[in-house]
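Next come the chains, spelled out residue by residue.
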Amino acid sequence: MLRPRSRLAAATGLFSLAAFALAGCSAVVSLEPAANADDPLCAEVSVRYPDELAGQARVWTDAQATASWGSPTAVVVSCGVEPPGPTTLPCQTVGSVDWIIDDSDAPRYLVTSFGRTPAVQVYLDNEAVSSLDVLDALSPAVSRLPVDGRCTERPAGE
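Here is a short report on the structure shown in this document.

Cut-offs and rules
- Residues numbered from 1 in each chain as written.
- Predicted model: local features only at pLDDT ≥ 70, side-chain atom pairs only at ≥ 80, totals over all residues.
- Heavy atoms only, no water.
- Phe/Tyr/Trp six-rings, centres within 6.5 Å; stacked < 30°, edge-to-face > 60°.
- Helix = DSSP H or I, 4+ residues; strand = E, 2+ residues; numbered from the N terminus.
- Buried < 20%, exposed > 50% of the residue type's maximum accessible area, 1.4 Å probe, protein only.
- Disulfide = S-S within 2.5 Å.
- Core = buried A, V, L, I, M, F, W, Y, C linked by side-chain atoms within 4.5 Å.
- Contact = heavy atoms within 4.5 Å.
- Pairing = 2+ DSSP bridges.

## A word on the packing of aromatic side chains
The description of an aromatic ring pair uses the distance of the two centres, along with the angle that the planes make with each other.
Link 1 in the chain: Applying the stated criterion across every chain, the model contains one aromatic pair.
Link 2 in the chain: Ring plane angle 85° and centroid distance 5.9 Å describe the contact between Tyr49 and Trp69, whose orientation is recorded as edge-to-face. Residue Tyr49 is found in the loop between α2 (40–46) and β2 (52–53), and its partner Trp69 is found in strand β4 (residues 66–69); the two are separated by 20 residues along the sequence. An identical accessibility class is assigned to Tyr49 and Trp69; each is buried.

## As for the state of the cysteines
Link 1 in the chain: Per the stated rule, a full pass over the model turns up two disulfides.
Link 2 in the chain: Each sulfur in the disulfide pair Cys42 and Cys79 lies 2.2 Å from the other. Residues Cys42 and Cys79 are joined through a disulfide that is left-handed, its torsion about the S-S bond being -80°. Highlighted residues: Cys42 in helix α2 and Cys79 in strand β5 (residues 75–81), separated in sequence by 37 residues. For the pair Cys42 and Cys79, one class covers both residues: buried.
Link 3 in the chain: Numbered by order of appearance in the sequence, the disulfide-linked cysteines of the protein chain pair as 1-2, 3-4.

## Notes on unusual backbone geometry
Link 1 in the chain: Geometrically, the link from Ser71 to Pro72 is a cis peptide bond, its omega value of 10° lying close to zero.
Link 2 in the chain: With an omega of 0°, the peptide bond between Thr117 and Pro118 qualifies as cis.
Link 3 in the chain: Take Pro118: it is sitting in the loop between β8 (108–114) and β9 (119–125).
Link 4 in the chain: Even without a glycine there, the phi angle at Ala65 is positive, about 65°.

## Some thoughts on the nonpolar core
Link 1 in the chain: The biggest cluster of nonpolar side chains holds 28 residues, and the ones touching the most others in it are Tyr49, Val75, Val77 and Val122.
Link 2 in the chain: Elements represented by at least two residues in this core include exactly α2, β4, β5, β7 (97–105), β8, β9 and α3 (131–142).
Link 3 in the chain: With near-sequence residues (within four places) excluded, Val75 lies in contact with Leu53, Ala67, Ser68, Trp69, Val122, Tyr123, Leu124, Val129 and Val134.
Link 4 in the chain: Judged by nonpolar contacts, the second largest core, of five residues, contains Val29, Leu31, Ala63 and Val76.

## Points about the environment of Pro50
Link 1 in the chain: Positionally, Pro50 belongs in the loop between α2 and β2.
Link 2 in the chain: For the pair formed by Pro50 and Trp69, sequence separation is 19 residues and the distance between their alpha carbons is 9.5 Å.
Link 3 in the chain: Not counting the four nearest positions on each side in its chain, Pro50 is found in contact with Arg58, Trp69, Ala137 and Leu138.

## With respect to the pairing of β9
Link 1 in the chain: β9 sits mainly inside the fold: seven of its seven residues count as buried.
Link 2 in the chain: Burial along β9 is two-sided: Ala119, Gln121, Tyr123 and Asp125 facing one way and Val120, Val122 and Leu124 facing the other are all buried.
Link 3 in the chain: Pairing analysis gives six bridges linking β5 to β9, with the strands arranged antiparallel. Counterpart to Val76 in the pairing with β9 is Tyr123.
Link 4 in the chain: Of the strand pairs in this sheet, β8 and β9 are connected by five bridges, and their pairing is antiparallel. Among the inter-strand pairings, Tyr109 is bridged to a residue of β9, identified as Leu124.
Link 5 in the chain: Linkage of β8 to β9, two consecutive antiparallel strands, is achieved through a turn of four residues, within which Gly115 is found at a positive phi near 75°.

That is the geometry; function is a separate question.
Here you go:
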């Protein structure tokens, strides 16, 4: 399992690659699929991704179980990542899905579904999109994945 910093480095590279591809006026964002992108449950999730997300148009990708929105890229999603284990990172529930939030590269956030297998990872630029709007729009698709855990600690007020 990748540690939060390793996941962040991987996501940063993924985000940079997507942004670079779009800067060249490419009609398709070139990404690498997650290790378990071929899980049939990822197909059920992927077909439900919206055409528009937080005001950003979808840009097609060339990797299984991935999606991207915005030009330049504002959001990159990948289904089939390794489900995260226990963590001290904050966890929020949006649309019945628990999300672990890594804000160590703010205003770019790495958000990973928690308690669902396979897991879905979202890398978003909070200067271009609202993280709440993104997670709210993606949660109906991600909620199709079976629940096998829940976050136990919540931020104050939840």
